[in-house]
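So you can see what is in the structure, the chains are spelled out below.
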Amino acid sequence: MTVQGWLLILGFVALVVLVAKPMGVWLFAILEGRRTPLHAVLGPVERGFYAAAGVDPAQDRGWRRYGVDMLVFNLIGLLLTYTILRLQGVLPWNSQGLPGLSGHLAFNTAVSFTTNTNWQSYGGEAVMSQFSQMVGLTIHNFFSAATGIALAFAFIRGFARREASGVGNFWADMTRVTLYLLLPACLVYAVVLLAGGVPQTLSGAVDATTLEGARQTIGLGPVASQEAIKMLGTNGGGYFNANSAHPFENPGALTNLLQMLSIFAIGAGLTWTFGKAVGNTKQGWAILAAMLLLFTIGAGVTYSAEAAGNPIHHALGIAGGNMEGKEVRFGVAASALFATITTAASCGAVNAMHDSFTPIGGMVPLFNMQLGEVIVGGVGAGLYGILLYCILGVFVAGLMVGRTPEYVGKKIEGREVKLAVLAIAVLPLIILGMTGLAAVSEAGLAGRANMGPHGFSEILYAFTSAVANNGSAFAGLTANTAFYNGLLGVAMWLGRFFVIIPMLAIAGSLAAKRVVPASTGSFPTTGPLWVGLLCAVILILGGLTFLPALALGPIADQVAMLRGDLF
Amino acid sequence: MSRTASPSMFSGTLIGPAIAGAFAKLDPRQLIRNPVMFVTAVVALLLTVLLIVGSPGGGIAFKAQLVFWLWLTVLFGNFAEALAEGRGKAQAASLRATKGELTGNRIVGSGTESVPASALKVGDIVLVSVGELIPADGEVVEGVASVNEAAITGESAPVIREGGGDRSAVTAGTRVVSDYLKVRVTAGPGQGFLDRMIALVEGAERQKTPNEIALTILLVGLTIVFLIAVGTIPMFANYAAGAVPVVILAALLITLIPTTIAALLSAIGIAGMDRLVRFNVLAKSGRAVEAAGDIDVLLLDKTGTITLGDRQASEFRAVGRASERELAEAVMLASLADETPEGRSSVVLAREKYGVDVALPAGAEIIAFSAQTRLSGVRTDDTFVQKGAVDSILKIVPDSPAAAELRRVTDEIARAGGTPLAVVRDGRILGAIYLKDIIKGGIRERFVELRRMGIRTVMITGDNPLTAASIAAEAGVDDFLAQATPEDKLAFIRKEQVGGRLVAMCGDGTNDAPALAQADVGVAMNTGTQAAREAGNMVDLDSDPTKLIEIVGLGKQLLMTRGALTTFSISNDVAKYFAILPAMFVVLYPGLAVLNVMGLATPESAILSAIIFNALIIPLLVPLALKGVKYRPVGAGALLARNLAIYGVGGLISPFIGIKLIDLAVSGLGLA
């Protein structure tokens, strides 16, 4: 471990805090439908969309209608992408003449991009045409991110409104988020990445002659534009198989820092927006504080584990930290930090191979996802995820101040508890259930690259990543089989929408309630006490369920590594 | 409150039936009402079967002990509930005894007929003579009588009951000790106040309260999550080319699911209602008790709650050319025969502050206060002193500079929150008596406490706004409602509720009924009318409006106890994982022995110790569940910090110590 390494981690946390408020202010304007400087140019475009679609943006919808609109939109997107991927061979912009995808791969990929997971069972440059990348996949990078933010908006309205019947208008939220946030931000960001050395071209691959005289095909394409939304929208699906470890996706230290920061930017900003909307920005800061506390602990553990290295390697004379599967350009600290960020948020972009981390170093990313990606989390999804924990935390501990529990002025009653438990139970149910299934089935075991507990970690990681809509891979696992593509596709769909539906129902139920004015008798949800409590609730209610699985995977693996056992 | 002398918590008379009750409650139809304990019972049954047919995983002695402790866990939970119910049942039995078999004299035509109380219908009129028990709840239609209500209130001093006023309600089972009453029956057989009270304390018709239901949902949710966590372990173990015996999985499941709070949940609820009953307050529903904890605004009547009922003379103000001593002498003379608190305090003030001492001359004519003249006085052979309401005095004396000054002085007194009485001697205005509302001792401190708890107090008074403002300031209430009519009260409550606040109030008159019904917690005085008692969701048997403050505390205590034990129960899980996981997995990967942080002797001993801890913690916490977590009137932040430290952090650490100690005992005794 080095001082620079720790400074990088703490400096990054400080940057996130700095970014949160400006981003939150901007998001709040969009949430409220207020006029922004961009309206002068984009206002007519926005109105044009409404007119074309026959949508009245002022029409307030109840949670059911909001949910139906959202589901219909996502289903159409799913079908569209599935069709494009299947018909890739006959569609244009296919410079390498790539054929259509197999049914299960197309299904898996379409679900993956629709659900903001961006799990990739394939290597992008070898399977996807430019058309598939730009039309079939990149649109989802925008729409799945916008869907997440829109849903967070609906949830925020649930807390902020009083005695209201609606939670907003899905179409208006989608249009505004895309138009006033994602598109302009990505435009600027892509240009910055271009300046940092990321290519942007439609000319396809180039052939190069290497120093040894061999011929090599180097894939090229509109990388910068995809890179921007991949990070900002916590999508994580890379243009290249190597993702952000590829020099064309992530050329240097500065782009690396910028990419890490952009993963957290919107998620962190939404906490501020939440606080502002419920009338007390301290509420938002408290949530962000809890997120960053858990994050810093996780990053610290990963960094320590990676920097300590592997004693088996040490015995072979390879000194220092664990550099297996890491880019030398980034080193131990930046790789450990990136891995923690990408799994804390629901991004899934990687700049190192998580499979090659030490077992404990790899357990932190795994655990981050198992907590439901509430540590900043996916755009929108992180906020509504942690708010579900807030509801449970307030319910359990809130009674201890002698009042029936309330959070930001809303009474938490049977209905909210039931729905929150439902949403939070989805994760262990699917992750553990499907991992168990894969761990005992022929087809499941076939995909492993390793034996022993590490192979188990690979399977566990895949399902965790899918259900949590992360999309990062532990690598190692060969997932492009009908078994894994199918099962993981289902896992991604359930992991996204089986959390969203109960969450929306809570939003509807909360919006209809009165606001209880805060008093000194109200449960305090702003101070350090609450931050600590929230972290404990996340770890105990969210994390404890996975302890047996973690014990048999990474923990057994780590113990074996320290004892020098090989499998 | 003489009825608080009920059996102590662990007296033998309650323990015995509670143990019997614990076994009776093994009836699956009863167990299913508590899903977590039901799961525990099912698992215990499963292991019992496995014990008999034989299964892998440890020796027969180990498995027999596991089964024994699992059943004990279920029984402990049942015992806690039975014990809480037992206390109520004992009270209900004594109530039933007082009620006995009542008979009534129904008025038929011009005579009466004796019928059993069960034959009385709503609308019947009964005659109750001296010495008889009132056969049914009703309203006095004729007569004035003193009634001994000790059977209900525990208060042996009789109270007056008469028709037409705010004291017209009578309760079945109370005794007429003077005169007679004609009572119109308002409650049919089995519907009366006493019947409801019996049902309430007995807990027979206990409905789960909204918060209890929500908590049960959470506990069921956690149980399902842990079922998944434990249910998938065999597949994971299979991957590691091993197997985990069902016995051990079952043990892990039972320690993880929130058995502690589930076992104590209904006991906490019953004990909470019971505390209220001991406090001589009857809540008609558990919902009302919970709402009491949530109260944001307390509406308190000024008289009797904030101030002593009586006003006292605090100063004499002379006007014109009269001296204070002259005034004091006149006041004393006029008040010597006045037995009202105002009169008595005037005499004391004149003697102690002004050193005046006059005696009532023989043959003096005493003019008593009358509502028409609003004056009282004394006429002797050589003087005539009158005192009374300022307006009335001004009517009987000619306008003069002294009259103008009197007006000014009395306005001043009113502004300062006092009530002025004017004094005239032989047609000459002497000055005014300053009558002051005396704020009850300690009440100001109570309001400070309430404010710290985040509760706003609002004083309700019939006084004018000036007087009300001044008393409000002196008593330290946050707000006041002056010249309040029943409609004003109702409107005020509605306004607060629209703002999202919960309001509590107490009242006794029929005109209070709408407000009592509208309030989230409406406490009716037992001396009040039937309408008020019907409208409120609590009845205070002692008719003491100050109790509203304690009722809020009791409501909070109930919720806090529930929260504290839930937090404790959930944080226990961390240690239990560390006890059982290494024991379970060490056969798969020997290296996982590092997770055995407590250094437990053997895998069997670790599992058994965790199960024993899980069972024993229930009876250990029964006293806390029944007594309730101590409530302190401090802000929510301080309360949370304290309870989190005790029940959260304590819940995290204590099982590590407890399980280790049990393990030492278990391995020391060679049990596993």
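Residues numbered from 1 in each chain as written. Chains lettered and ligands numbered in written order. Predicted model: local features only at pLDDT ≥ 70, side-chain atom pairs only at ≥ 80, totals over all residues. Heavy atoms only, no water.

**Describing the pairing of strand 2 (residues 215–218) of chain A**
Residue and element names in this part refer to chain A. Pairing of strand 1 (residues 206–209) with strand 2, which is carried by 4 bridges, proceeds in the antiparallel orientation. Opposite A208, over in strand 2, you have Q216 as the bridge partner. Linking two consecutive strands that pair antiparallel, namely strand 1 and strand 2, is a turn of 5 residues; a positive phi of about 90° is found at G213 within it. (Pairing = 2+ DSSP bridges. Helix = DSSP H or I, 4+ residues; strand = E, 2+ residues; numbered from the N terminus.)

**What to know about the sheet that holds strand 9 (residues 181–185) of chain B**
Strand pairing in a sheet relies on backbone hydrogen bonds. The paired strands run either parallel or antiparallel. Residue and element names in this part refer to chain B. Spatially, the 6 strands line up as an open sheet ordered 2-1-3-9-4-7, and their pairing is antiparallel. One side of each edge strand has no neighbouring strand; the edge strands of this open sheet are strand 2 (111–116) and strand 7 (169–170). In this structure, strand 3 (residues 125–128) lies alongside strand 9, joined through 4 bridges in antiparallel fashion. By the bridge assignment for strand 9, V126 is matched with V183.

**Points about the domain arrangement of chain B**
When its domains are assigned, chain B resolves into domain 1 (12–90 + 210–276 + 552–669), domain 2 (103–200), domain 3 (281–306 + 440–541) and domain 4 (308–438). Each of domain 1 of chain B and domain 2 of chain B has a C-alpha centre, and these two points are 50 Å apart. (Domains from an automatic or database assignment.)

**A look at the layout of surface pockets**
Considering only enclosed or pocket space, the largest pocket measures out at about 760 Å³ in volume. As for the largest pocket, its lining consists of 29 residues, and the residues nearest its centre are A:M363, A:F367, A:L539, A:L547 and A:L550. Counting only elements with at least two residues in the lining of the largest pocket, the list comes to helix 10 (281–308), helix 13 (359–370), helix 19 (528–543) and helix 20 (547–563) of chain A together with helix 22 (547–585) of chain B. Looking at the lining of the largest pocket residue by residue, the class counts come to 25 nonpolar, 4 polar and no charged. (1 Å grid on protein atoms, 1.4 Å probe; cavity = no way out; pocket = protein on both sides within 12 Å on 5 of 7 lines; lining within 4 Å. Points joined across faces, edges and corners; volume = space filled by probe spheres on them. Nonpolar A, V, L, I, M, F, W, Y, C, P; charged D, E, K, R; others polar.)

**So, the interface of chain A and chain B**
At the interface, 63 residues of chain A touch 61 residues of chain B. Here chain A and chain B share an interface that buries about 4,900 Å² over both sides, 77% of which is from carbon and sulfur atoms. Applying the counting criterion to the chain A and chain B interface returns 11 residue pairs in polar contact (both at pLDDT 80 or more). The element that contributes the greatest number of residues to the side of chain A that touches chain B is helix 15 (residues 414–440) of chain A, accounting for 14 residues. (Contact = heavy atoms within 4.5 Å. Buried area = accessible area lost by both parts, 1.4 Å probe. Polar contact = N/O pair within 3.5 Å; in protein donor to acceptor, adjacent residues only side chain to side chain.)

**Considering unusual backbone geometry**
We note that A:N469 has phi near 60°; this positive angle belongs to a residue other than glycine. Position of A:N469 relative to the elements: it lies in the loop between helix 17 (452–467) and helix 18 (482–511). Notably, B:D179 is not glycine yet its phi reads approximately 60°, a positive angle. Tracing the sequence through the fold places B:D179 in the loop between strand 8 (175–176) and strand 9.

**Some thoughts on empty space enclosed by the protein**
Enumeration over the complete set of coordinates arrives at 7 cavities of 30 Å³ or more. Taken as a whole, the largest cavity encloses approximately 390 Å³ of empty space. Contributing to the lining of the largest cavity are 32 residues, with A:G372, A:A423, A:I424, A:L427 and A:V499 lying nearest its centre. Looking at the lining of the largest cavity, the elements with two or more residues in it are helix 14 (381–398), helix 15, helix 18 and helix 19 of chain A together with helix 7 (210–231) of chain B. A breakdown of the residues in the lining of the largest cavity according to their chemical character gives 21 nonpolar, 9 polar and 2 charged. Taken as a whole, the second largest cavity encloses approximately 80 Å³ of empty space. If you trace the second largest cavity, you find 11 residues lining it, with A:Q96, A:E125, A:M128, A:L220 and A:Y239 closest to the centre. Split into classes, the residues belonging to the lining of the second largest cavity amount to 4 nonpolar, 6 polar and 1 charged.

**Points about the packing of aromatic side chains**
Residue and element names in this part refer to chain A. Scanning the entire structure with this criterion turns up 26 aromatic pairs over all chains. Relative to Y407, the ring of F274 has its centre 6.3 Å away and its plane inclined at 15°; by these criteria the two rings are stacked. With F274 in helix 9 (residues 253–277) and Y407 in strand 3 (residues 406–407), this residue pair connects regions lying 133 residues apart in the sequence. The burial state of F274 is the same as that of Y407; both residues are buried. Among the aromatic residues, ring-to-ring pairing joins F155, F159, F274, Y407, F523 and W530 into one connected group. One Lys or Arg, K326, reaches over the ring of F357 and ends 4.2 Å from the middle of that ring. (Phe/Tyr/Trp six-rings, centres within 6.5 Å; stacked < 30°, edge-to-face > 60°. Buried < 20%, exposed > 50% of the residue type's maximum accessible area, 1.4 Å probe, protein only. Lys NZ or Arg CZ within 6 Å of the ring centre and 35° of its normal.)

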